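Examination of the molecular architecture
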Amino acid sequence: MSPGPGRKRLSSSRLAILAEGAFGVETAKTASSAVRYQPERVSSVIDSRFAGRTVGEALGFGGDIPIVATFAEALATEPRPEALLVGIAPQGGQLPDAWRAVLVAALEEGLDIISGLHFFLCDDPELAALADRHGCTLFDLRKPPPDLPVGAGRAMATDAFRVLTVGTDCNTGKMTVSLELQRALQARGVRAAFAATGQTGILIAGTGIAVDAVVSDFISGAAERLTLEAARGEDGEDGEGVDIVLVEGQGSLMHPGYSGVTHGLLHGTLPHAMILTWMPSRPRIYGGNHSWVVLPELDEVIRRYEDALAWACPEVPGRVIGVSLATYDIPEAEARAAVRHAREVTGLPATDPIRFGTAPLVEAILNAHETHREAPSYG
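Bear in mind the structure is a predicted one, so any value in this text is a computation, not a measurement.

Let us now look at the packing of aromatic side chains. By the definition in use, this model includes 0 aromatic pairs. Over the face of the ring belonging to F61 we find R36, whose NZ or CZ atom lies 3.9 Å from the ring centre.

The following block contains the structure:
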């Protein structure tokens, strides 16, 4: 199958989302993000715990999309789904044993399957044979291309202003703020592109590279390629290009398990600016395996990111220019206090882009972009 039709099917197929026992903002990031950014594609969500309720009732957003108990019920939803989305991305990224039967049933009904797991469906003999027999496609969002280069600073050759989202921790809203900023900048008439570096971003954008599945030597090269492709815009080599590239961050320099991918993104994109993401309710690294790591104060986190980038861009090192908060799990008064705290500690614009809007971060990017344009030596 050629890349063109494949991308179209990936980004437009009507979806039933499998999230059995895990549907939630943190526990099923892929599912909840699909609902937030492409609700028109979602036919139903499968999670027997919430069967009979709507996605809006379960998440607080997503409207009247039904939640059902079984795949058979999802299949009966009108309009009929065209693909089954594996809606979770658990630590380790393996396929839950209990879900295999659902994937088999979906293929036998002629549905494509979209998965962001580290377990590649196309490498599974049973699933690959079924897909071939029934004319279905297995989309492994995390499967990297085979021809990635080693990073060599080529991102600096782009005319576009490069913005990378970085985090105090994993799962703090790096993709979310990137997409929200792209939408807000485009509404202001700015040509802004989103470079997807994770499975959920790829689902939404229809293209990208999941850098956490790339061999470590080539992470910066993957980030470099994504940045260059996004800077060219949808029209490719002959197009005018874009003004701003928003690169989706991954992991965190503070995270003992995922710091490597963060370093690779920093040195592959060589950003002019960074937006720091922070979840105020989290004083320690997310997940029980790393809860022994206490997170530093925001100004210290910023210093570490800027130091990690400065040696690679000694003439004009990229700076953190704003803070994006994820406050969905705390009351509004606490959220507003957290925004104030971020502003006071860092001296930077701060907001929760979902709860309070993107305006402070948009202005920070536009101001930094203008400075970039006025400085001929700014690489």
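Once that is clear, we can look at the pairing of strand β11 (residues 319-325). For β11, a buried count of 6 out of 7 residues is recorded, marking the element as mostly surrounded by other parts of the structure. Relative to β11, strand β10 (residues 273-278) runs parallel, the two being bridged by 6 bridges. Across the sheet, residue T277 finds its bridge partner in β11, namely S324. Across 2 bridges, the pairing between β11 and strand β12 (residues 350-351) is parallel. Its bridge partner lying in β12, S324 is registered against T351. This β-α-β element, β11 to helix α12 (residues 332-346) to β12, shows right-handed connectivity.

Okay, the sheet that holds β10 next. Taking strand neighbours across the sheet as the criterion, the 6 strands line up as β8-β9-β7-β10-β11-β12 in an open arrangement whose pairing is parallel. The sheet terminates laterally at β8 (192-195) and β12, the two strands that pair on one side only. Taken together, the 5 bridges between strand β7 (residues 161-167) and β10 define a ladder with parallel strand orientation. Note that in β10 the partner of G167 across the bridge is T277. Contacts from helix α7 (residues 174-187) reach β7, β8, β9 (244-247), β10 and β11 within the one sheet, and its direction differs from that of β8 by about 160 degrees. Contacts between α12 and the sheet are confined to β10, β11 and β12, with β11 contributing the most and set at about 165 degrees to the helix.

Further remarks concern helix α6 (residues 125-134). By the burial criterion, the buried members of α6 are L127, L130 and A131. Taken end-on, α6 shows its buried residues confined to a sector of 100 degrees, consistent with a single buried face. Away from the buried face of α6 by more than 90 degrees, exposed residues P125, D132 and R133 are located. Buried positions along α6 lie against α5 (100-108) and β6 (138-140). Among the residues trailing α6, G135 stands out with phi positive, at a value near 70 degrees.

It is worth spelling out the environment of A58 at this point. Note on placement: A58 falls in helix α3 (residues 55-59). For the pair A58 and V25, spaced 33 residues apart in sequence, the C-alpha separation works out to 9.7 Å. For A58, the contacting residues outside a window of four places in its chain are F23, F50, R53 and I67.

Using the criterion set out here, one finds 0 disulfides in the structure. Free of any disulfide, C122 has its nearest neighbouring cysteine sulfur in C136, separated by 14 Å. Residue C122 is classed as partly exposed on the basis of its relative accessible area, which comes to 32%. The buried category is assigned to C136, whose relative accessible area is 11%.

A word on the pattern of salt bridges. Under the criterion given, the structure shown has 19 salt bridges. Across the salt bridge formed by R100 and D124, the nearest N and O atoms sit 2.6 Å from each other. With R100 in helix α5 and D124 in the loop between β5 (112-115) and α6, this residue pair connects regions lying 24 residues apart in the sequence. Note on R100: relative accessible area 25%, which makes it partly exposed. Salt bridges sharing common partners tie together E300, R303, R304 and D307.

Take the side chain of D352 next. Turning to its location among the elements, D352 is positioned in the loop between β12 and α13 (359-374). Buried within the structure, D352 lacks any salt-bridge partner; R355 is the closest side chain of opposite charge, at an N-O distance of 5.2 Å. Only 2.5 Å separates the side chain of D352 from the side chain of T327, close enough to count as a polar contact. In this structure the side chain of D352 is engaged in a polar contact, spanning 3.0 Å, whose partner is the backbone nitrogen of I354. Setting aside residues up to four positions removed in sequence, D352 forms contacts with L325, A326, T327, Y328, V339 and G357.

The side chains of a regular strand alternate, first on one face of the sheet and then on the other. Burial of β8 is two-sided: the residues A192 and F194 facing one way and the residues A193 and A195 facing the other way are all buried. Judged from the 4 bridges that link them, β8 and β9 form a sheet pairing that is parallel. Each bridged residue has a counterpart across the sheet, and for F194 the counterpart in β9 is L246.

Formed by 58 residues in total, the largest nonpolar core has its most connected members in I17, F23, L84, L103 and I114. Listed in part, the 45 residues of the second largest apolar core include I285, L295, L348 and A350.

Quick notes on the rules
- Residues numbered from 1 in each chain as written.
- Predicted model: local features only at pLDDT ≥ 70, side-chain atom pairs only at ≥ 80, totals over all residues.
- Heavy atoms only, no water.
- Phe/Tyr/Trp six-rings, centres within 6.5 Å; stacked < 30°, edge-to-face > 60°.
- Lys NZ or Arg CZ within 6 Å of the ring centre and 35° of its normal.
- Buried < 20%, exposed > 50% of the residue type's maximum accessible area, 1.4 Å probe, protein only.
- Helix = DSSP H or I, 4+ residues; strand = E, 2+ residues; numbered from the N terminus.
- Pairing = 2+ DSSP bridges.
- Right-handed = clockwise from strand over helix to strand, strands pointing away.
- Contact = heavy atoms within 4.5 Å.
- Axes fitted to C-alpha atoms, helices over the stretch in contact; angles between N-to-C directions.
- Arc of directions from axis to C-beta.
- Disulfide = S-S within 2.5 Å.
- Salt bridge = Lys/Arg side-chain N within 4 Å of Asp/Glu carboxyl O.
- Lys, Arg positive; Asp, Glu negative; His and termini not counted.
- Polar contact = N/O pair within 3.5 Å; in protein donor to acceptor, adjacent residues only side chain to side chain.
- Core = buried A, V, L, I, M, F, W, Y, C linked by side-chain atoms within 4.5 Å.

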